[in-house]
Amino acid sequence: MTTKSVLLIIAGGIAAYKSLELIRELSKRGIRTQAILTRAGAEFITPLSVGSLTGGKCYTDLFDLTDEAEMGHIELSRAADLVVVAPATADLLSKPANGVAGDLASTALLATDKPVLYAPAMNVRMWTHPGVQRNVDILRKDGALFVGPDEGDMACGEYGPGRMAEPVEIANAVEAHFAAMSDGRLTGRHVVVTAGPTHEPLDPVRYIANRSSGKQGYAIAAALARLGARVTLVSGPTDLSAPPGVDIIRVQTAREMMDRTMGALPAEVAICCAAVADYRPEIETNHKIKKERGGLSSIPLTENPDILRSISSLDVGRPELVIGFAAETDDILCNADAKRKRKGCDWIVANDVSTGTGTMGGENNSVTILSEAGEESWENMPKARVADRLAGYIADELVKRAC
Ligand code: C5P
């Protein structure tokens, strides 16, 4: 296995001293580190101590021509396999979230083509501030990874979330990332995933839609790509960025989703995660429907094509494994199993989307996987973990089917 390397960006927080320990922890695990120390970071630790531990130069300034001659800042940002920001301060998080680059650290974050793992560290009130949370959301949507912050006593004397994850925890996250990237169990396989809602137009300004955020489907696409699959993500309108390494096709309506999904086949696996509108307005007018036109007491609807059922019932070119989702509010498992049989898919992932569960649009999901073989319920967990576990199950299933 080739040696993995990390570009560690150390920003200005008291937790900067822990980054020295992180360099040692990574080195113990055979991971090489190059480091950038921001000007504020250099108020807490010295470039000399950082350089002594990395065994190389500690980069500090964007306009240092000696550095630029040795290794340009673009090259530096791309030379490593992963960029780790620890501690990630509120200030440094705000820069890539808003496309701002003013120094070497923020420039490297915009210029890199590698995944970025942030280990935030700040006062509890700063961490919970809506401005910081907004930036964290943006970075997550852009595909960034996060570890921590932990909850506990802080250097400032307060208690709560904001303390940087321990160096061992950060090194574990780095190793887990590398393990997932090098797993390669789905290399050479093509997976088509549908995600998000559909918008069914009524007139040029109005449409019928639903509350699906697309988060679970995007997380699944990302997890499959990490296992080496070629992933085509056919997505309805969402505000999420395409996960790294995933081919995205953006659509609006169920009919477009159907065309583009069918067009993306053949694939070994199809996962229909999208909340496709079952019905669309029968007539889409090309003028805005006016209030004074004698009132509108009903909107005639017509049924949309069922993508999951269409894929499941393909005589030629049916993917080996077809997976559907069943978002239910009542009698969840019974309804989901009936749906699996009706649609003809192999597995169905059932989840409870009743009001109060926070599943629709939220970060967590509680799912049960139903198949011919039975059912398996998973504990409530972040959508990213549901995705990783599901991707692992898919890889195992393909191996089983090949035997
Ligand atoms: O029938 P229902 O919408 O509850 O079924 C949910 C499952 O069917 C999901 O996997 C969804 O992506 C898929 N579906 C579809 N096309 C439709 C309706 C649902 O692919 N028109």
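Just so we're clear, the structure is a prediction, and the values are computed from it rather than from any experiment.

Engineer: Would you mind going over the pattern of salt bridges with me for this structure?
Structural biologist: Side chains carrying opposite charge are able to pair once their charged atoms draw close together. As enumerated under the stated definition, the model contains 22 salt bridges in all. With its nearest N and O atoms 3.2 Å apart, the salt bridge here joins E25 to R29. Through salt bridges with shared partners, one network takes in E25, K28, R29 and E175.

Engineer: Could you clarify how one ought to interpret helix α9 (residues 167–183) in this entry?
Structural biologist: Because each turn of an α-helix spans 3.6 residues, side chains separated by three or four positions in sequence point in the same direction. Taking 1.5 Å per residue, 17 residues should reach 24 Å; α9 reaches 24 Å between its end C-alpha atoms and fits that length. For α9, the complete set of buried residues consists of P167, I170, A171, V174, H177 and F178. Projected down its long axis, α9 shows its buried positions confined to an angular sector of 120 degrees, all on one face. Just beyond α9, the residue with positive phi is G184, at close to 65 degrees.

Engineer: Can you help me understand the sheet that holds strand β2 (residues 32–37) in this one?
Structural biologist: Whenever strands of a sheet pair, they do so through backbone hydrogen bonds, lying parallel or antiparallel. Pairing is parallel in the open sheet, where 6 strands are placed in the order β3-β2-β1-β4-β5-β6. What marks the edges here is a single partner per strand, and that holds for β3 (58–59) and β6 (145–146). Of the strands in this sheet, β1 (5–10), β4 (82–88), β5 (116–120) and β6 are in contact with helix α5 (residues 90–97), which crosses β4 at around 140 degrees.

Engineer: I tried to follow the site of the ligand on my own but got confused; where do I start?
Structural biologist: Taken together, C272, A274, V276, D278, P305, D306, I307, L308, G324, F325, K339 and K343 make up the full set of residues adjacent to the ligand. Between the ligand and F325 there is a distance of 2.7 Å, counted from an oxygen atom to a backbone nitrogen or oxygen. A distance of 2.3 Å separates an oxygen atom of the ligand from a polar atom in the side chain of K339. In isolation the ligand has 440 Å² of accessible area, and contact with the protein removes 88% of it.

Engineer: Help me out: how do you make sense of a nonpolar patch on the surface in this one?
Structural biologist: Among the surface-exposed residues, I208, Y279, L296, I299 and L301 lie close enough to one another that they form a single nonpolar patch of about 450 Å² accessible area. Of note, I208 is situated in strand β11 (residues 207–208). Overall, I208 belongs to the partly exposed group, its relative accessible area being 30%.

Engineer: When you look at the pairing of β1 in this model, what are you seeing that I'm missing?
Structural biologist: A regular strand places its side chains on the two faces of the sheet in alternate fashion. Among the 6 residues of β1, 6 are classified as buried, and the element is accordingly described as predominantly covered. Of the two faces of β1, the one lined by S5, L7 and I9 and the one lined by V6, L8 and I10 are each fully buried. Pairing of β1 with β2 involves 6 bridges; the strand directions are parallel. Paired with L7 across the strands is Q34, a residue of β2. Between the parallel elements β1 and β2, the chain passes through helix α1 (residues 16–28) in a crossover that is right-handed. With 4 bridges joining them, β1 and β4 adopt parallel strand pairing. Following the sheet pairing, I9 is matched in β4 by V85.

Engineer: What am I meant to see in the packing of α5 against helix α6 (residues 104–111) here?
Structural biologist: A pair of packed helices is characterised by two quantities: the angle between their axes and the separation of those axes. With their axes 9 Å apart at the nearest point, α5 and α6 run at an angle of 40 degrees to one another. At the point where α5 passes α6, the crossing takes the right-handed sense. Residues L92, K95 and P96 of α5 touch α6, and the partners they reach there are A105, S106, L109 and L110. The residue inventory of the contact of α5 with α6, partitioned by class, reads 5 nonpolar, 1 polar and 1 charged.

Engineer: Help me understand the domain arrangement of the chain in this model?
Structural biologist: In many analyses, interface size is given as the accessible surface area lost on bringing the parts together. Domain boundaries in the chain define domain 1 (5–181) and domain 2 (184–402). Opposite the 4 residues of domain 1 that make contact, domain 2 presents 6 residues. Buried surface at the junction of domain 1 and domain 2, summed over both partners, amounts to about 590 Å²; 51% is from carbon and sulfur atoms. Among the residues of domain 1 in contact with domain 2, K141, A180 and M181 are the three that bury the most area, contributing 69% of the side total. At the boundary of domain 1 and domain 2, one finds 0 salt bridges. Taken together, the connections running from domain 1 to domain 2 amount to 1 residue pair in polar contact (both at pLDDT 80 or more).

Here is what the cut-offs are and how they apply
Residues numbered from 1 in each chain as written. Predicted model: local features only at pLDDT ≥ 70, side-chain atom pairs only at ≥ 80, totals over all residues. Heavy atoms only, no water. Salt bridge = Lys/Arg side-chain N within 4 Å of Asp/Glu carboxyl O. Helix = DSSP H or I, 4+ residues; strand = E, 2+ residues; numbered from the N terminus. Expected span 1.5 Å × (residues − 1). Buried < 20%, exposed > 50% of the residue type's maximum accessible area, 1.4 Å probe, protein only. Arc of directions from axis to C-beta. Pairing = 2+ DSSP bridges. Contact = heavy atoms within 4.5 Å. Axes fitted to C-alpha atoms, helices over the stretch in contact; angles between N-to-C directions. Near = heavy atom within 4 Å. Polar contact = N/O pair within 3.5 Å; in protein donor to acceptor, adjacent residues only side chain to side chain. Areas by Shrake-Rupley, 256 points an atom, 1.4 Å probe, with all protein chains shown as cover. Patch = residues over 30% accessible without salt bridge, like charges linked within 9 Å, V, L, I, M, F, W, Y side chains within 5 Å. Right-handed = clockwise from strand over helix to strand, strands pointing away. Left-handed = near helix turned anticlockwise from the far one by under 90°. Nonpolar A, V, L, I, M, F, W, Y, C, P; charged D, E, K, R; others polar. Domains from an automatic or database assignment. Buried area = accessible area lost by both parts, 1.4 Å probe.

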